[in-house]
Amino acid sequence: MAKIKGRTSNRTRSLPLAAGLLLSSMLGMPLLSKPAESATLTIAQSYDPQSLWPNFSTSQEQMNVGNAIIESLLWVDPAIDKAVPILAERYEMVDPTTIKLFVRKGVKFTNGEPLDANAVVQSIKIFMDKAITPAYARDAAKIGSVERVDDNTVLIKLSQKYPAIDLLLSQIYIVPPKYWAEVGPEKFGREPVGTGPYKLKEWVRDDRVVMERNPGFWGKAPKGIDRIVWKPVPDDTARAAGLVAGEYDVAANVPVASAPQIKSRSTVSLLSVPSYRIFKIDFSNLDKDPGPQHNKLVRQAFNYAVDKDAIRESLFSGIATPLRGQILRSNQLGFDPAIKDYPFDQKKAKELLKQAGYPDGLDITFKFSSGRYAQDKEVAEAVAGMLGEVGVRVKMVTLEAGEFLTQLNNRDLGAMALRGSAPQDDPDAMLSSYLSTWRYSYINDKNLDELIKAGSQELDQKKRDDIYKAAMKLMHDEAYMIYLYQANDLYGVSKRVRNFVPRGDQRFAVYDMSVE
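About the criteria used
Residues numbered from 1 in each chain as written. Predicted model: local features only at pLDDT ≥ 70, side-chain atom pairs only at ≥ 80, totals over all residues. Heavy atoms only, no water. Axes fitted to C-alpha atoms, helices over the stretch in contact; angles between N-to-C directions. Helix = DSSP H or I, 4+ residues; strand = E, 2+ residues; numbered from the N terminus. Parallel < 35°, antiparallel > 145°, perpendicular 65-115°, else oblique. Left-handed = near helix turned anticlockwise from the far one by under 90°. Contact = heavy atoms within 4.5 Å. Nonpolar A, V, L, I, M, F, W, Y, C, P; charged D, E, K, R; others polar. Pairing = 2+ DSSP bridges. Phe/Tyr/Trp six-rings, centres within 6.5 Å; stacked < 30°, edge-to-face > 60°. Buried < 20%, exposed > 50% of the residue type's maximum accessible area, 1.4 Å probe, protein only. Polar contact = N/O pair within 3.5 Å; in protein donor to acceptor, adjacent residues only side chain to side chain. Expected span 1.5 Å × (residues − 1). 1 Å grid on protein atoms, 1.4 Å probe; cavity = no way out; pocket = protein on both sides within 12 Å on 5 of 7 lines; lining within 4 Å. Points joined across faces, edges and corners; volume = space filled by probe spheres on them. Salt bridge = Lys/Arg side-chain N within 4 Å of Asp/Glu carboxyl O.

Axis separation between helix H9 (residues 296–305) and helix H11 (residues 346–355) bottoms out at 8 Å; the angle between their running directions is 165°. Judged on the interaxial angle alone, H11 and H9 are roughly antiparallel. The hand of the H9/H11 crossing is left-handed. Counting all contacts with H9, which are made through Leu 297, Val 298, Gln 300, Ala 301, Phe 302, Tyr 304 and Ala 305, the residues of H11 involved are Gln 346, Lys 348, Ala 349, Leu 352, Leu 353 and Gln 355. Here the residues of the contact of H9 with H11 sort into nine nonpolar, three polar and one charged.

Here's what the structure looks like:
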């Protein structure tokens with residue numbers, strides 16, 4: 001089983017870094033559930049992890065759980081919107097492609113192995129091995145080599161110039177090399193060992209992950225939290241009802257319909273966070289997915305056929321933000337205010353379908369998850385209904401969250417699928433997921449590939465901005481997706497919990513949290 005170690009509070013550290021129905025009925029009933037013990041923090045998310053090793057995937061829910069045990073080099077702290085040191089005390093840029101990284105001293109893994117340069121080097125090599133960490137291959141490709149300088153210093157050579165070093169280092173999680181070599185990635189994911197504030201006590205699949213405090217934690221331990229229980233609760237409304245009943249201290253992805261009821265309770269509060277996650281319906285133009293979606297006129301017709309404003313108003317009470325015809329958010333480098341979204345125009349949609357050779361409509365398969373995202377099924381049903389009004393016969397395929405992720409990873413989602421993308425806050429993190437060589441990408445466009453690669457290496461901000469604006473225009477004109485909305489993430493939080501601060505990509509850490 002895994003053991004863990006501590007860390008000091010982000011708030012006191014400086015970083016010398018370079019450059020509705022179920023819930024309604026519950027509210028009308030006496031609360032029979034016994035509140036959680038003061039020393040236990042219970043967190044409800046939408047599904048059970050596949051692995052407790054954060055670098056197993058980029059799934060935010062999974063990483064939130066694993067990150068309490070296994071720590072990264074840096075953490076981008078949403079409370080201050082800056083990278084803070086975790087297992088790397090600091091780094092220096094020797095030149096534009098060389099990083100000198102200084103490892104935190106005096107830290108041990110919970111199995112007794114020391115945190116040192118060897119552990120960091122081996123962990124970076126694991127990160128670089130796309131056979132082991134395929135979900136991070138596009139990030140790892142930016143690292144050319146890594147070597148030990150001394151016990152507490154590591155030299156990282158980049159394969160290219162890269163403007164988002166903090167984000168890159170924050171994705172690398174450090175494992176004990178001897179234990180890793182002994183058990184391998186699969187068993188490590190089941191029985192992890194780390195340096196974090198908690199260690200694994202038990203994992204009952206699809207029921208709970210239980211962690212207990214790591215007494216040897218190197219930093220300041222979360223106050224009043226001796227135990228964390230992570231509960232997978234796929235149903236959005238059930239998570240909200242459990243929060244109100246006192247079963248959970250934190251409920252992630254609370255549905256908008258439950259917001260008024262949560263606000264009415266004196267024991268819980270509603271936290272709204274502007275999300276990095278943008279929702280769209282991706283079309284595949286891969287050869288393995290033949291079908292009408294290969295025709296640009298069809299893709300444009302689908303965009304005209306969907307009333308995005310109606311979806312935002314009816315399902316999200318207007319709190320979701322329009323995408324404005326592009327996948328970069330309005331505050332990001334590369335966002336182009338000159339691009340406008342496709343307006344809702346059923347007549348135009350029918351005309352385009354006729355021009356594309358489908359005067360009598362067409363058939364298409366549409367895959368989507370149920371329980372992976374807030375109100376994902378309802379959004380999919382609304383879209384399918386709107387497409388039906390212009391003659392599109394939609395075969396809807398519902399996938400539970402785990403199967404959805406598996407098919408996403410294997411490029412098996414087919415012709416069209418509802419997806420929510422929430423990469424870290426840099427345009428390359430979003431755009432690189434559309435490289436034709438990337439395992440999550442359903443687009444094969446050489447011109448887009450060239451723009452994405454150019455933007456990832458450009459250090460001049462103005463030039464980089466222009467490159468990404470060109471990419472946004474290309475994607476919009478080709479209508480590679482139906483642009484839906486930027487989410488606003490809702491969390492229900494017990495008022496006994498302090499300093500719960502999630503990021504826009506739905507990541508959160510327990511370091512500075514406390515329970516009173």
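That covers the picture; the talk isn't over yet.
Strand order in the open sheet formed by four strands is E4-E5-E7-E6, with antiparallel pairing between adjacent strands. Each end of this open sheet is capped by a strand with a single partner; those strands are strand E4 (88–95) and strand E6 (143–150). With strand direction ignored, the average angle separating the axes of adjacent strands in the sheet is 20°. Of the strands in this sheet, strand E5 (98–103), E6 and strand E7 (153–158) are in contact with helix H3 (residues 117–128), which crosses E6 at around 170°.

Counted by the stated rule, this structure contains 16 aromatic pairs. Measuring from centroid to centroid gives 5.6 Å for Phe 127 and Tyr 136, while their planes differ by 50°, and the two rings are tilted. Of the residues examined, Phe 127 reaches a relative accessible area of 1% and is grouped as buried. On the accessibility criterion, Tyr 136 (0% relative accessible area) is buried. Taking the centre distance of 4.9 Å and the plane angle of 25° together, the rings of Phe 279 and Tyr 485 count as stacked. Of this pair, Phe 279 sits in strand E12 (residues 268–283) while Tyr 485 sits in strand E17 (residues 481–494); the two residues are 206 residues apart in sequence, bridging distant segments of the chain.

Bridge count for strand E2 (residues 74–77) against strand E3 (residues 82–85) is four bridges, and the pairing is antiparallel. What sits directly across from Trp 75, in E3, is Val 84. Connecting the antiparallel pair E2 and E3 is a turn made up of four residues, with Asp 81 showing a positive phi of about 55°.

Looking at the secondary structure, you find Glu 71 in the loop between helix H2 (60–66) and E2. Here the side chain of Glu 71 touches Trp 218 through a polar contact of 2.9 Å, side chain to side chain.

Bringing H3 into the picture now. In this model H3 runs 16 Å from its N-terminal to its C-terminal C-alpha over twelve residues, within 8% of the 16 Å that 1.5 Å per residue would give. For H3, the complete set of buried residues consists of Ala 117, Ala 119, Val 120, Val 121, Ser 123, Ile 124, Ile 126 and Phe 127. Where the residues of H3 are buried, they touch E5, helix H4 (137–140), E6, E7, helix H5 (165–170) and helix H6 (177–190). The opening residue of H3, the one whose side-chain oxygen lies 3.1 Å from the backbone nitrogen of Asn 118, is Asp 116.

Empty space among the atoms becomes visible once a probe the size of a water molecule is rolled across them. Approximately 530 Å³ is the volume attributed to the largest cavity. Lining the largest cavity are 34 residues, with Thr 58, Gln 60, Arg 138, Ala 422 and Pro 423 sitting closest to its centre. For the lining of the largest cavity, the secondary-structure elements that each account for two or more residues are H2, H4, helix H13 (401–409), strand E16 (416–421) and helix H14 (427–431). Residue classes in the lining of the largest cavity are distributed as 13 nonpolar, 13 polar and eight charged. In this structure, the second largest cavity occupies an estimated 160 Å³ of space. Along its surface, the second largest cavity is lined by 18 residues, and Phe 316, Ala 374, Ala 487, Asn 488 and Asp 489 are the ones closest to its centre.

Okay, the pairing of E7 next. Pairing geometry for E5 and E7, over five bridges, is antiparallel. The partner of Lys 100 across the bridge, within E7, is Leu 155. Bridge count between E6 and E7: six bridges; the pairing is antiparallel. By the bridge assignment, Glu 147 is partnered in E7 with Leu 155. Taking the residues that link successive antiparallel strands as the turn, the E6-E7 hairpin has two residues.

Let us look at the pattern of salt bridges. This structure, assessed with the given rule, holds 25 salt bridges. For Asp 341, the salt bridge goes to Lys 308, with nearest N and O atoms at 3.7 Å. With Asp 341 in the loop between strand E13 (321–322) and H11 and Lys 308 in helix H10 (residues 308–316), this residue pair connects regions lying 33 residues apart in the sequence. Exposure remark for Asp 341: the relative accessible area of 22% places this residue in the partly exposed category. By relative accessible area, which is 4% here, Lys 308 ends up buried. A single network of salt bridges, built from pairs that share partners, joins Glu 202, Asp 207, Arg 208 and Lys 231.

Functional significance is not addressed by these values, which are geometric in nature.
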